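The residues making up each chain are set out below.
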Amino acid sequence: METSLDVQPVLDAGERAGRGARAAELAKDLDRGDVVAVAMTWVDVSGITRTKAVPVARLEHAASWGVGMSPVFDVFLLDDSIVSGRYVGGPTGDLRLHPDLDRLVPLAALPGWAWAPADRFTQEGAEYPVDARATLRREVARLAGQGFSVRAAFEIEWAVSDGDDESGGDGEDFTPACNGPAYGMTRISELSGYLRDLLKALAASGVSVDQIHPEYAEGQLELSVAAADPVGAADTAVLVRETIRAVSFEHGLAASFSPKVLAGSVGNGGHVHLSLWRDDPAEGPVNLMSGGDGPYGMSAAGEAFAAGILDHLPALLAVGAPSVASYLRLVPSHWAGAFACWGLENREAALRFVTGALGERASAANLEVKPFDSSANPYLALAGLLAAGRAGIAGEAALPAPVDVDPATLDPGERADLGISALPSSLAESVAAFESDPVLPVAFGEALSDTIATVRRGELALFEGASPEEIAATTRWRH
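Looking at an unreviewed UniProt entry, the protein chain carries the name Glutamine synthetase family protein, with the source organism given as Actinomadura fulvescens. Under the UniProt heading Sequence similarities (unreviewed entry), the note attached to the protein chain is "Belongs to the glutamine synthetase family."

Now the structure itself:
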């Protein structure tokens with residue numbers, strides 16, 4: 001890995017001064033709003049949101065010079081045990097956390113607090129090669145260099161438990177906080193005050209919610225937000241989850257985002273929606289998932305982008321379904337997308353193509369990636385999707401025939417004839433696919449790729465011999 005002394009600093013004296021001056025002005029507004037501290041967050045390779053906070057009076061210094069944090073957190077496992085890779089591990093070294101002032105927002109769900117996602121730099125002011133947010137920014141820039149942009153959004157699924165001392169939040173028990181039928185209005189009635197406060201908090205924090213509804217599993221809910229640029233979409237995913245968590249605590253509840261809350265139940269997904277765009281000098285932004293001559297109206301570039309994602313899905317699971325618990329969820333006939341195929345509005349296909357209603361398809365058409373879940377680092381998940389899609393565009397990849405049935409209902413011979421293969425059924429398989437993939441390790445860089453594989457193997461060792469119930473219980477409250 002390049003040392004920080006080999007890399008051109010991003011944070012020179014002028015940049016530091018500018019950040020500090022802006023933070024000083026923002027701190028005045030925060031102080032007038034009775035905000036006393038700013039939580040700066042980043043998401044580690046295990047998918048855990050980590051933080052350091054500063055009093056508002058120190059925001060100017062944090063923006064200019066950062067806040068110290070060991071790089072070892074990149075090799076923390078979900079239980080806070082530590083592994084060591086070729087590039088990250090051990091007690092030495094230091095990084096600097098710098099708040100992204102463009103995303104700084106008071107947290108309506110945590111009065112007195114504000115939040116900003118953090119970028120991690122070396123002490124010399126260079127981007128840290130293992131930083132997931134910087135990795136996603138690089139992928140956005142690579143696509144932009146080819147004339148493309150992406151709009152993306154995460155669906156957030158979570159299960160709500162009564163949060164008393166005996167059930168919920170203690171790492172063992174889960175007692176659903178609502179008992180109405182799947183998708184039933186009863187659940188909204190049961191949790192109306194909680195959901196009302198959640199929606200108010202999200203709106204006050206600048207999050208545009210598209211819809212919210214009860215889901216299938218016990219106590220399960222889902223929330224969808226407006227699409228944004230990829231970095232903004234990943235930031236919003238973090239903000240939404242932390243807002244849900246805070247409002248849940250305020251109501252005496254506990255929220256689980258785990259891919260498998262209960263071993264015998266349907267798990268939580270973290271589906272990703274994304275669409276490819278190009279700026280047209282005459283028409284402005286054009287959605288390349290619509291208005292073309294390809295399948296269901298995709299343009300050639302849109303189809304190639306989708307085909308690239310489909311081609312690299314086995315490897316992508318190492319960042320999109322990155323926990324041992326992910327593979328308790330990723331099973332056939334559970335709308336999790338366990339087979340590498342695509343289809344129009346097919347919720348059992350790993351890639352569901354969504355056209356939107358007639359009349360809004362130019363803006364609404366998008367891909368939904370079904371196998372991903374919320375144990376993923378959202379920055380890494382999107383960076384991987386963009387890299388795979390970019391490879392598809394470069395290779396002018398084409399999609400196979402769409403699938404319009406549950407692939408599990410086909411016999412193995414029929415699936416083989418249609419080119420449908422099962423996605424990895426274990427974390428070990430997805431890590432092997434990741435390491436042998438010709439695109440993702442190159443896009444991520446050697447240091448980050450090694451760290452991802454190291455952490456995944458660490459989690460495999462952590463859960464060696466564990467039962468599904470033990471895996472679910474250990475993972476339940478961690479993400």
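After that view of the structure, there is still more to cover.
Turning to empty space enclosed by the protein, a few remarks are in order. Scanning all chains against the criterion turns up five cavities of 30 Å³ or more. Of the pockets and cavities examined, the largest cavity occupies roughly 70 Å³. Forming the boundary of the largest cavity are F154, I156, A237, R241, G270, F372, D373, S374, A376 and P378. Those elements that place two or more of their residues in the lining of the largest cavity are β7 (149-162) and α6 (230-250). Here the residues of the lining of the largest cavity sort into six nonpolar, two polar and two charged.

All right, on to the layout of surface pockets then. Empty space within the largest pocket amounts to approximately 910 Å³. In terms of lining residues, the largest pocket is bounded by 41 residues, among which E155, E222, H273, R352 and E368 are the most central. For the lining of the largest pocket, the secondary structure elements donating two or more residues are β7, β8 (209-214), β9 (220-225), β11 (272-280), α10 (361-364) and β15 (366-369). Among the elements that line the lining of the largest pocket, the one with the most residues is β7, at six residues. Roughly 440 Å³ of volume is contained in the second largest pocket.

We now examine the pairing of strand β6 (residues 113-121). In terms of burial, β6 is largely enclosed, as eight of its nine residues are buried. Sheet analysis places strand β1 (residues 37-43) next to β6, joined by five bridges and oriented parallel. Bridge assignment links A37 to a residue of β6, and that residue is W113. Sheet analysis places strand β4 (residues 95-99) next to β6, joined by four bridges and oriented antiparallel.

Attention shifts here to the packing of helix α8 (residues 313-320) against helix α13 (residues 427-436). Two elements in contact, α8 and α13, have axes whose closest approach is 7 Å; the angle formed by their N-to-C orientations is 115°. Taken together, the axes of α8 and α13 lie roughly perpendicular to each other. The crossing of α8 and α13 is left-handed. Side by side, α8 and α13 meet where P314, A315, L317 and A318 of the first sit next to S430, V431, A433 and F434 of the second.

Here we take up helix α1 (residues 13-32). Taking 1.5 Å of rise per residue, the 20 residues of α1 would be expected to cover 28 Å, and the 29 Å separating its terminal C-alpha atoms lies within 8% of that figure. Every buried residue of α1 is accounted for by R16, G20, A23, A24, A27 and L30. Buried residues in α1, looked at end-on, bunch into an arc of 130°, giving them a common side. In α1, the exposed positions that point more than 90 degrees away from the buried face belong to G14 and R32.

Applying the stated criterion to the full structure yields five aromatic pairs. Ring centres of W42 and F73 lie 6.1 Å apart, and the angle between their planes is 85°; on these two criteria the pair is classed as edge-to-face. Separated by 31 residues along the polypeptide, W42 in strand β1 and F73 in the loop between β3 (67-69) and β4 bring together distant segments of the chain. According to the relative accessible area criterion, W42 is buried, its value standing at 3%. With a centroid separation of 4.5 Å and an interplanar angle of 25°, the aromatic rings of F73 and F76 are classed as stacked. Members of the aromatic cluster, joined through ring pairs, are W42, F73 and F76. Taking NZ or CZ as reference, R241 lies 5.4 Å from the ring centre of F257, over its face.

The rules we used
Residues numbered from 1 in each chain as written. Predicted model: local features only at pLDDT ≥ 70, side-chain atom pairs only at ≥ 80, totals over all residues. Heavy atoms only, no water. UniProt positions renumbered as here; feature names shortened; annotations may be inferred. 1 Å grid on protein atoms, 1.4 Å probe; cavity = no way out; pocket = protein on both sides within 12 Å on 5 of 7 lines; lining within 4 Å. Points joined across faces, edges and corners; volume = space filled by probe spheres on them. Helix = DSSP H or I, 4+ residues; strand = E, 2+ residues; numbered from the N terminus. Nonpolar A, V, L, I, M, F, W, Y, C, P; charged D, E, K, R; others polar. Buried < 20%, exposed > 50% of the residue type's maximum accessible area, 1.4 Å probe, protein only. Pairing = 2+ DSSP bridges. Axes fitted to C-alpha atoms, helices over the stretch in contact; angles between N-to-C directions. Parallel < 35°, antiparallel > 145°, perpendicular 65-115°, else oblique. Left-handed = near helix turned anticlockwise from the far one by under 90°. Contact = heavy atoms within 4.5 Å. Expected span 1.5 Å × (residues − 1). Arc of directions from axis to C-beta. Phe/Tyr/Trp six-rings, centres within 6.5 Å; stacked < 30°, edge-to-face > 60°. Lys NZ or Arg CZ within 6 Å of the ring centre and 35° of its normal.

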